[in-house]
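An overview of the molecular structure
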Amino acid sequence: MSKHSKQYQRADEPIFWGLFGAGGVVAAFATPALILITGLLVPLGVLQLDYASVNAFASNWFGKLILIAVIAFPMWHACHRIYHAMHDLKVDVARGFFKVFWYGMAFVVTIAAGAYLIAI
Amino acid sequence: MSQAMMRVTVQRYRPEQDDAPFMQEFEVPYADDMSVIDALHYIKDNLDGTLSYRWSCRMAICGSCGYMVNGVPKLGCKTFLRDYLNTGLTVESLANFPIERDLVSDIGDFVEKLEEVKPYIIRQDAVSVQDGEHLQTPAQLTRYRQYSLCINCGLCYAACPQYGLNNEFMGPAALTLLHRYNQDSRDQGRDERIDIVNAEEGVWGCTFVGYCSEVCPKGVDPAAAIQQGKVESSKDFVMSKLRPRRSS
Ligand code: SF4
Ligand code: FES
């Protein structure tokens, strides 16, 4: 009976889960292609990407939106996943600190990427 | 003709005499249609009458006979010796629950959680018998039917790594049962259950491993119910920011 007096606290997960979900979609569709292009094909010289055209892409608002999406969302996805993987691996020390640390990292990357893009 | 035999390894634990669980081997006569429960019956009737295990219906509907079979949560009555001829067969009590005796696990926590989610139809406006039955369309039935097929066997709790790490987590079957009533068009009790859904112990304790749905013997798909619960909780989160929360 006393069980029913248990108080439940609303988790703040919906925010992070939303960003995690968005990041999952972007990471599934765009990230592999981006890694292939920027990490392999361009460095190996298979594909040419000249500065002027990349710069032009990042200079208009449509390009900026795409870039912030492929940078920020997967970052939130990854940080959320690492934070939860720590619990899965029974690393439960300083949960509060690591929560701020991981989500803070995603936040900083988002803001920094946004600022750079706006500055272009 | 000599009877083919099969070796079955069974976990034993008799708290009044054993310090820790140990494994005991038995030779049972083999037949193609012999289930794990049949093998345990044979052992109890012919080899060691002290063996304790739960079972009842023998037809995958009572949910009593959950064991770990070669490390995988299974119903003993729905699992057959013939599928373990090459691997050998080891039967243990359900993972993630304390052992009460031999194959009997203490599922008290699981049962409490099932009760906690108010698994019954709640009405805000009372209706009398004279008003007749609550009609439901096939589409309304489809929204919850699959989730109502749970037999409370607890296999999904034995499969869930999050429940194993922290049993404050409500777990697959209880959250599915909660969702089943929230999805029922006759029910008006969502507001009484949403606090559990929204909590860390609720749907947010789940990291969508999905093993619960894999082991479920009734095709309930608790993982799907929990993901739908996350969507519900997210909507409720946004609404609670836009609109002051009802007083409850
Ligand atoms: S959801 Fe499936 S595995 Fe879990 S208790 Fe119900 S029937 Fe058993
Ligand atoms: S004995 Fe009833 S489910 Fe197996």
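Because the structure is predicted, anything quoted here is derived from the model rather than measured.

**Notes on the nonpolar core**
Of all hydrophobic cores here, the largest spans 61 residues; its most connected members are B:Leu40, B:Tyr67, B:Leu81 and B:Leu89. Looking at which element gives the most residues to this core, the answer is helix 6 (residues 172–182) of chain B, with 6 residues. For this core, the domains that each give at least three residues are domain 1 (5–105) and domain 2 (108–242) of chain B. A:Phe16, A:Trp76, A:Cys79 and A:Tyr83 belong to the second largest nonpolar core, which has 8 residues in total.

**Considerations on the packing of helix 1 (residues 13–29) of chain A against helix 9 (residues 222–242) of chain B**
One can describe the packing of helix 1 of chain A onto helix 9 of chain B by two numbers: an axis separation of 9 Å at closest approach and a directional angle of 120°. The orientation of helix 1 of chain A relative to helix 9 of chain B falls into the category oblique. Every pair of crossing elements has a handedness; the one defined by helix 1 of chain A and helix 9 of chain B is left-handed. On helix 9 of chain B, the residues that touch A:Pro14, A:Ile15 and A:Trp17 of helix 1 of chain A are B:Gln227, B:Lys230, B:Val231, B:Ser233, B:Ser234 and B:Phe237. Each residue belonging to the contact of helix 1 of chain A with helix 9 of chain B can be placed in one class, and the counts come to 5 nonpolar, 3 polar and 1 charged.

**Notes on the domain arrangement of chain B**
When the parts of a complex come together, some accessible area is lost, and that lost area is often taken as the interface size. Residues and elements named next belong to chain B. Taken domain by domain, chain B comprises domain 1 (5–105) and domain 2 (108–242). Using only C-alpha atoms to locate each centre, domain 1 and domain 2 end up separated by 30 Å. If you look at the interface, domain 1 gives 16 residues, while domain 2 gives 16 residues. Of the roughly 1,100 Å² buried where domain 1 meets domain 2, counting both sides, 65% is carbon and sulfur surface. Of all residues in domain 1, Pro73, Asn96 and Phe97 bury the most surface against domain 2, accounting for 47% of the area lost on that side. Our enumeration of links across domain 1 and domain 2 arrives at 0 salt bridges. Counting every contact that joins domain 1 to domain 2 gives 5 residue pairs in polar contact (both at pLDDT 80 or more). Contributions of two or more residues to the side of domain 1 that touches domain 2 are made by strand 3 (66–69) and strand 4 (72–75).

**Considering the packing of aromatic side chains**
Summed over the entire model, instances satisfying the criterion amount to 14 aromatic pairs over all chains. Geometrically, the ring pair formed by A:Phe97 and A:Phe98 is edge-to-face, given 5.1 Å between the ring centres and 75° between the ring planes. Between the aromatic rings of B:Phe97 and B:Tyr163, the centroid separation amounts to 5.8 Å while the plane-to-plane angle is 55°, which identifies the pairing as tilted. On the criterion of sequence distance, the pair formed by B:Phe97 in the loop between strand 5 (89–92) and strand 6 (99–101) and B:Tyr163 in helix 5 (residues 161–165) is long-range, its members being 66 residues apart. Among the aromatic residues, those joined into a cluster by ring pairs are A:Phe16, A:Trp76, A:Tyr83 and A:Tyr103. A cation sits over an aromatic face here: A:Lys64 above A:Trp61, 5.7 Å from the ring centre. Just above the ring of B:Phe237 sits the side chain of B:Lys241; from NZ or CZ to the centre is 4.7 Å.

Rules and cut-offs
Residues numbered from 1 in each chain as written. Chains lettered and ligands numbered in written order. Predicted model: local features only at pLDDT ≥ 70, side-chain atom pairs only at ≥ 80, totals over all residues. Heavy atoms only, no water. Core = buried A, V, L, I, M, F, W, Y, C linked by side-chain atoms within 4.5 Å. Buried < 20%, exposed > 50% of the residue type's maximum accessible area, 1.4 Å probe, protein only. Helix = DSSP H or I, 4+ residues; strand = E, 2+ residues; numbered from the N terminus. Domains from an automatic or database assignment. Axes fitted to C-alpha atoms, helices over the stretch in contact; angles between N-to-C directions. Parallel < 35°, antiparallel > 145°, perpendicular 65-115°, else oblique. Left-handed = near helix turned anticlockwise from the far one by under 90°. Contact = heavy atoms within 4.5 Å. Nonpolar A, V, L, I, M, F, W, Y, C, P; charged D, E, K, R; others polar. Buried area = accessible area lost by both parts, 1.4 Å probe. Salt bridge = Lys/Arg side-chain N within 4 Å of Asp/Glu carboxyl O. Polar contact = N/O pair within 3.5 Å; in protein donor to acceptor, adjacent residues only side chain to side chain. Phe/Tyr/Trp six-rings, centres within 6.5 Å; stacked < 30°, edge-to-face > 60°. Lys NZ or Arg CZ within 6 Å of the ring centre and 35° of its normal.

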